[in-house]
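# Fold and contact review
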Amino acid sequence: MVYSGRFTVSTRGNDHMLDITGMVEQAILESGVVNGIATVFVVGSTAAITTIEYESGLEQDLKTVMERIAPRDAPYAHEARWRDDNGHSHIRASLLGPSLTVPIVSGRMTLGAWQQIVLIDFDTRPRTRTIHVQVLGE
Ligand code: ZN
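Report on the accompanying structure. (Residues numbered from 1 in each chain as written. Predicted model: local features only at pLDDT ≥ 70, side-chain atom pairs only at ≥ 80, totals over all residues. Heavy atoms only, no water.)

## With respect to empty space enclosed by the protein
A probe matching the size of a water molecule, rolled over the atoms, marks out where space remains unfilled. Spelled out, the test is: The distinction between a cavity and a pocket rests on a 1 Å grid over the protein atoms alone: a 1.4 Å probe fits inside a cavity but cannot get out, while a pocket stays open yet meets protein on both sides within 12 Å along at least five of seven lines, and a residue with an atom within 4 Å of a point counts as lining. Grid points are joined across faces, edges and corners, and a volume is the space filled by probe spheres set on the points.
All told, the structure shown has one cavity of 30 Å³ or more when counted by the stated rule. Surrounding the largest cavity, D15, M17, E59, L62, K63, I120 and F122 form its lining.

Put into structure tokens, the structure is as follows:
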């Protein structure tokens, strides 16, 4: 079967990281799927979904690394083209990607004990984000 669920979250932007594991678990529970896969996808080109050990040290480390890879104050053709301020947001989001697929075995995601599903909002302002959870299985 195929189940389509979704939920929204409010973010502060500026690399705000949210643990969305519980909300994804809830969608899988509602799907009734016991064995299959769940794809988690955020709508928008300045946010990303990945897994991480969700703790404040790594949240800071990821910000630091992203600032090295795509610095906020670097020149971006996107900003010159559109007169906006979020070239770094788009690049950071593209590098991590907007989605994640997780196997479901015996009704549970096969995540590690220290592996949470996180949404990171790289945009430069607070946003409301819609996350789709598409569950395939039986
Ligand atoms: Zn932009």
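## Describing the environment of T110
Note the cut-off: Runs of H or I in DSSP of at least four residues are treated as helices and runs of E of at least two as strands, each being numbered from the N terminus. Any pair of residues with heavy atoms lying within 4.5 Å of one another is described as a contacting pair.
Here T110 lies in the loop between strand 6 (108-109) and strand 7 (116-121). Sequence separation between T110 and I37 is 73 residues; the distance between their C-alpha atoms is 9.9 Å. Excluding residues that lie within four positions of it along the chain, T110 makes contacts with V102, P103, V105 and Q115.

## Notes on the layout of surface pockets
Threshold: Residues are sorted three ways: Asp, Glu, Lys and Arg are charged, Ala, Val, Leu, Ile, Met, Phe, Trp, Tyr, Cys and Pro are nonpolar, and all the rest, Gly among them, are polar.
Each pocket or cavity is described by its volume, and for the largest pocket that value is around 250 Å³. Along the wall of the largest pocket there are 14 residues; nearest its centre are E25, I28, G107, R108 and M109. Taken together, the elements giving at least two residues each to the lining of the largest pocket come down to helix 1 (21-31) and strand 6. With five residues, the top contributor of residues to the lining of the largest pocket is helix 1. For the lining of the largest pocket, the per-class residue count stands at five nonpolar, seven polar and two charged.

Shape is all these values report; function is a separate question.
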